[in-house]
Amino acid sequence: MTPLLEMRGITKTFPGVRALDDVSFSVATGEIHALVGENGAGKSTLMKVLSGVYPHGEYDGDIVYDGQVMKFGGIADSERRGIIIIHQELALVPLLSIAENLYLGNERATAGVISWRETFQRAEALLRKVGLREAPQTLVDRIGVGKQQLVEIAKALAKDVRLLILDEPTAALSESDSQALLDLILELKTQGVTSIIISHKLNEVRRVADTVTVLRDGATVATRNARTEPVSEDQIVRDMVGRSMEHRYPARARKVGARLFEVSDWSVTHPEHAERRVVRNVSFHVGVGEVVGIAGLMGAGRTELAMSLFGQSYGRNAKGRVQLNGRDIDVSTVRRAIDAGLAYVTEDRKALGLVLDETILKNITLANLEAVSNAGILKAQKEIQVAEKYRQAMNIRTPSVFQRVVNLSGGNQQKVVLSKWLFANPKVLILDEPTRGIDVGAKFEIYTIINDLARDGKGVLMISSEMPELLGMCDRIYVMNQGAFVGELTAQEASQERIMSLIVTE
């Protein structure tokens, strides 16, 4: 197949770091090309070079597109050639309509006057093309994340996309939404759209990719043609991490003690609609040294439950009983929840878990400043010692604790969030999608940390949309649907089929 794109000898450096080292990468016309690698391997940096986020002159090497050397000065230049990138964090304006988002910066206008009739007609046609039945006038904040991802693809089609780049397109989607999106990518292929997909979900890569290129430490280590030879997940993992990973989940001697954390008849109403209960009479417990999972589809109420328990940071009219070591505790504010011994690792680390423009040091000590201060005055040397201790213990890949968190890979950012809460010395950790958007190598490290916490007698409550993760890590699993718990399974009883049957039969 004829190459639509060739990136030749691409090298990109940042102060003290070589992010890309002589990378060469080729994409054939009409194929779906998967780009995989560990967090920090250089995937997103390579795509930012291609799309003009890093303009010509800020990197070495050549971009050859349609047989011509390109010198993009910015995103607008690459978009004019039909190269469209959809980032993991969607770039939609929530309070604008779908149609307005589709043509934002690409308005249907004559002499500066927008033709709303043409805008809505074209938008409706594009929405049907990606399988959406919503009206173009619908506000974006009224549709779910899965549909917003389809709106982003419709937006790319509005710009006459030829090469579509999708960065972790299914990271925040449910299983059904993920399958719908992958089906759309396959359908676009039949219509002549070439795609590059960056993903850590290797089963999805194997399903849709014609070619798989693996980056490791900023260099290309393998390109495999999935059309001519079967490409296994084990092969991809070996290429990614440089070693075999026979066991995706580290072994743990499971020893569960007495009840540590117990919640009884917990109910919470929607923050704006007091008549709507989003958590309904939930009761559960976590033992000393136990890892307990919560399974359920997106929208089941899992995150709402977690946030409401952590200082009632979601919802209103929280009712029920929360106990630690058999005694009632006050979780009415975040400060009181922390003081009682709870910690919550949010599913959205960038928006809610970290101060991105601050250093690793400042983020790690943020939840327990009392431990690094004296009479309200921070002790700088103590802060450095604490941050350095966690940098080494958690294997945070960075030359210095003074590095800004925004410059870290997703896996290393997640380790900073975990470090912050471990320094607060909680008795119970609530982990909400703790491995979302990170690679298999970093996942294994996070799993090892979870096992260490359980071994040290902590209680761990783990929310995950990846059922194999829950099955591989948890001692017990509660199943949640429509704000209520509909089943409880031991590790021996649990399977993907049993979990799904509980969801769909309740």
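Structural notes, computed from the coordinates. On a predicted model such as this, the values are computed, not experimentally measured, just so you know.

About the cut-offs
Residues numbered from 1 in each chain as written. Predicted model: local features only at pLDDT ≥ 70, side-chain atom pairs only at ≥ 80, totals over all residues. Heavy atoms only, no water. Axes fitted to C-alpha atoms, helices over the stretch in contact; angles between N-to-C directions. Helix = DSSP H or I, 4+ residues; strand = E, 2+ residues; numbered from the N terminus. Parallel < 35°, antiparallel > 145°, perpendicular 65-115°, else oblique. Left-handed = near helix turned anticlockwise from the far one by under 90°. Contact = heavy atoms within 4.5 Å. Nonpolar A, V, L, I, M, F, W, Y, C, P; charged D, E, K, R; others polar. Patch = residues over 30% accessible without salt bridge, like charges linked within 9 Å, V, L, I, M, F, W, Y side chains within 5 Å. Areas by Shrake-Rupley, 256 points an atom, 1.4 Å probe, with all protein chains shown as cover. Salt bridge = Lys/Arg side-chain N within 4 Å of Asp/Glu carboxyl O. Buried < 20%, exposed > 50% of the residue type's maximum accessible area, 1.4 Å probe, protein only. Pairing = 2+ DSSP bridges.

### Observations regarding the packing of helix 14 (residues 410–423) against helix 15 (residues 440–455)
Piece 1. Running from N to C, helix 14 and helix 15 cross one another at 15°; their axes reach a closest spacing of 10 Å. By the criterion of interaxial angle, the relationship of helix 14 to helix 15 is roughly parallel. Here helix 14 runs over helix 15; the crossing is left-handed. Together, G411, Q414, K415, L418 and L422 of helix 14 and A442, E445, I446, I449 and L453 of helix 15 make up the contact between the two elements.
Piece 2. The residue inventory of the contact of helix 14 with helix 15, partitioned by class, reads six nonpolar, two polar and two charged.

### Some points on a nonpolar patch on the surface
Piece 1. Taken together, the side chains of V355, L366, L369 and L378 make up a nonpolar region of the molecular surface, amounting to roughly 300 Å² of accessible area.
Piece 2. Mapped onto the elements, L369 comes out in the loop between helix 12 (360–365) and strand 19 (373–374).

### With respect to the pattern of salt bridges
Piece 1. Following the criterion strictly, the structure yields 33 salt bridges and no others.
Piece 2. Note that E124 is salt-bridged to R128, the shortest N-O span being 3.3 Å. Taken together, the residues E124 and R128, both in helix 4 (residues 116–129) and four residues apart, mark about one turn of the helix.
Piece 3. The exposure class assigned to E124 is partly exposed, which follows from its relative accessible area of 37%.

### As for the sheet that holds strand 2 (residues 17–28)
Piece 1. Taking strand neighbours across the sheet as the criterion, the four strands line up as 2-1-4-5 in an open arrangement whose pairing is antiparallel. Of all strands in the sheet, those bounded by a partner on one side alone are strand 2 and strand 5 (68–70). With strand direction ignored, the average angle separating the axes of adjacent strands in the sheet is 25°.
Piece 2. In the sheet, strand 1 (residues 3–14) pairs with strand 2 via eight bridges, with the strands oriented antiparallel.

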